[in-house]
Amino acid sequence: MAAVVQLQRQFIEYTTSLYNEGYLDDQFTQLQKLQDESNPDFVVEVVSLFFEDSEKLLNNLATALQQKTVDYKQVDSHVHQFKGSSSSIGAQRVTNVCVHFRNFCEEKNLEGCLRCLQQAKHEYILVRNKLEALFRLEQQILQAGGSIPIME
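Remember, it's a predicted structure, so these values are computed and weren't measured experimentally.

Each value, and the rule that gives it
Residues numbered from 1 in each chain as written. Predicted model: local features only at pLDDT ≥ 70, side-chain atom pairs only at ≥ 80, totals over all residues. Heavy atoms only, no water. Helix = DSSP H or I, 4+ residues; strand = E, 2+ residues; numbered from the N terminus. Contact = heavy atoms within 4.5 Å. Phe/Tyr/Trp six-rings, centres within 6.5 Å; stacked < 30°, edge-to-face > 60°. Buried < 20%, exposed > 50% of the residue type's maximum accessible area, 1.4 Å probe, protein only. Lys NZ or Arg CZ within 6 Å of the ring centre and 35° of its normal. pLDDT = per-residue confidence, 0-100. Axes fitted to C-alpha atoms, helices over the stretch in contact; angles between N-to-C directions. Parallel < 35°, antiparallel > 145°, perpendicular 65-115°, else oblique. Nonpolar A, V, L, I, M, F, W, Y, C, P; charged D, E, K, R; others polar. Salt bridge = Lys/Arg side-chain N within 4 Å of Asp/Glu carboxyl O. Core = buried A, V, L, I, M, F, W, Y, C linked by side-chain atoms within 4.5 Å. Expected span 1.5 Å × (residues − 1). Arc of directions from axis to C-beta.

**Topic: the environment of Val 97**
Then comes step 1: Looking at where Val 97 falls in the secondary structure, it is placed in helix 5 (residues 92-107).
Then comes step 2: Separated by 40 residues in the primary sequence, Val 97 and Leu 57 have C-alpha atoms spaced 14 Å apart.
Then comes step 3: Ignoring sequence-local partners within four residues, the contact set of Val 97 consists of Cys 116, Gln 119, Ala 120 and Glu 123.

Following this line, the structure appears as structure tokens:
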């Protein structure tokens, strides 16, 4: 049982650090509150869909920005979609990059858009890795017979 308590403490500290470092915001907490016994994998499923969509959107953005004539409306549409999905799972740092990205789209600033694309990819990969680590920790707690601590 000491192992479970240790894992739960680790989970709380790790989750707290994700909020403190700005990776996640309260929207992630809201998402967690929607999970219950009838749908125990709700958060993992929603976040997995976010991962799939994000990969496609980042590829679409890269392709759109490599065109001879960049369609900034199309780029902005992809960024808007990425911002919305990031915001819906509480990926705060990705959402923040998207806000700047949209400003560069409005200015039709290719250099700024390309910089933001790299930054968005970087922040996305960071939050994906952090969430995957959080989900692995949850699995370890469950496999050890414990329950996932509720974060308030």
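There's plenty left to go through after this.
**Brief notes about the packing of aromatic side chains**
Then comes step 1: What the rule picks out here adds up to four aromatic pairs.
Then comes step 2: Relative to Tyr 124, the ring of Phe 51 lies with its centre 6.3 Å away and its plane at 75 degrees, an arrangement referred to as edge-to-face. A residue pair is termed long-range when its members are at least 10 positions apart, and Phe 51 in helix 3 (residues 42-65) and Tyr 124 in helix 6 (residues 110-143) qualify at 73 residues. Residues Phe 51 and Tyr 124 agree in their burial class; the two are buried.
Then comes step 3: Grouping aromatic residues by their ring pairs yields a cluster made of Phe 50, Phe 51, Phe 82 and Tyr 124.
Then comes step 4: Above the ring of Tyr 23, the side-chain terminus of Arg 93 is found at 4.0 Å from the ring centroid.

**Looking at the confidence of the model for the protein chain**
Then comes step 1: Here the protein chain averages 95 in pLDDT, and 99% of its residues register 70 or above.
Then comes step 2: Mean pLDDT values over the elements of the protein chain span from 93, in helix 2 (residues 26-33), up to 98, in helix 5.

**A short note on the packing of helix 5 against helix 6**
Each pair of packed helices can be described by the angle between their axes along with the distance between the axes.
Then comes step 1: At a closest axis distance of 9 Å, the pairing of helix 5 and helix 6 adopts a crossing angle of 170 degrees. In terms of orientation, helix 5 and helix 6 fall into the roughly antiparallel class. On helix 6, the residues that touch Arg 93, Val 94, Val 97, His 100, Phe 101, Phe 104 and Cys 105 of helix 5 are Gly 112, Cys 113, Arg 115, Cys 116, Leu 117, Gln 119, Ala 120, Glu 123, Tyr 124, Leu 126 and Val 127.
Then comes step 2: Looking at the contact of helix 5 with helix 6 residue by residue, the class counts come to 12 nonpolar, three polar and three charged.

**Some points on the pattern of salt bridges**
Then comes step 1: In this structure the tally under the stated criterion is three salt bridges.
Then comes step 2: Note that Arg 128 and Glu 55 form a salt bridge whose closest N and O atoms lie 2.8 Å from each other. Within this pair, whereas Arg 128 is found in helix 6, its partner Glu 55 is found in helix 3, the two being separated by 73 residues in sequence.
Then comes step 3: One salt bridge connects Glu 123 with Arg 93, and the closest N-O pair in it is separated by 2.9 Å. In this pair, Glu 123 sits in helix 6 while Arg 93 sits in helix 5, placing the two residues 30 residues apart along the sequence.
Then comes step 4: Residue classification places Glu 123 among the buried residues on the basis of a relative accessible area of 10%.

**Comments concerning the nonpolar core**
Then comes step 1: Grouped together as the largest cluster of nonpolar side chains are 43 residues, with contacts concentrated most on Leu 24, Phe 28, Val 47, Val 75, Phe 82, Phe 101 and Leu 131.
Then comes step 2: Listing elements by their share of this core, those giving two or more residues are helix 1 (2-20), helix 2, helix 3, helix 4 (72-89), helix 5 and helix 6.
Then comes step 3: With 11 residues, helix 6 is the single largest residue contributor to this core.
Then comes step 4: In contact with Val 47, not counting residues within four places along its chain, are Phe 28, Leu 31, Leu 131 and Phe 135.

**Topic: the environment of Lys 68**
Then comes step 1: Mapped onto the elements of the fold, Lys 68 is located in the loop between helix 3 and helix 4.
Then comes step 2: Look at Lys 68 and you get exposed, because its relative accessible area is 87%.
Then comes step 3: C-alpha of Lys 68 to C-alpha of Glu 123: the two residues are 55 residues apart in sequence and 27 Å apart in space.

**What about helix 5?**
Then comes step 1: Taking 1.5 Å of rise per residue, the 16 residues of helix 5 would be expected to cover 22 Å, and the 23 Å separating its terminal C-alpha atoms lies within 8% of that figure.
Then comes step 2: Within the sequence span of helix 5, burial applies to Val 94, Thr 95, Val 97, Cys 98, Phe 101, Phe 104 and Cys 105. When helix 5 is viewed along its axis, its buried side chains cluster within an angular range of 165 degrees and face the same direction. Turned more than 90 degrees from where helix 5 packs its buried face, Glu 106 and Glu 107 sit exposed.
Then comes step 3: Residues of helix 5 that are buried sit in contact with helix 3, helix 4 and helix 6.
Then comes step 4: Two residues or fewer after helix 5 comes Lys 108, characterised by a positive phi angle close to 55 degrees.

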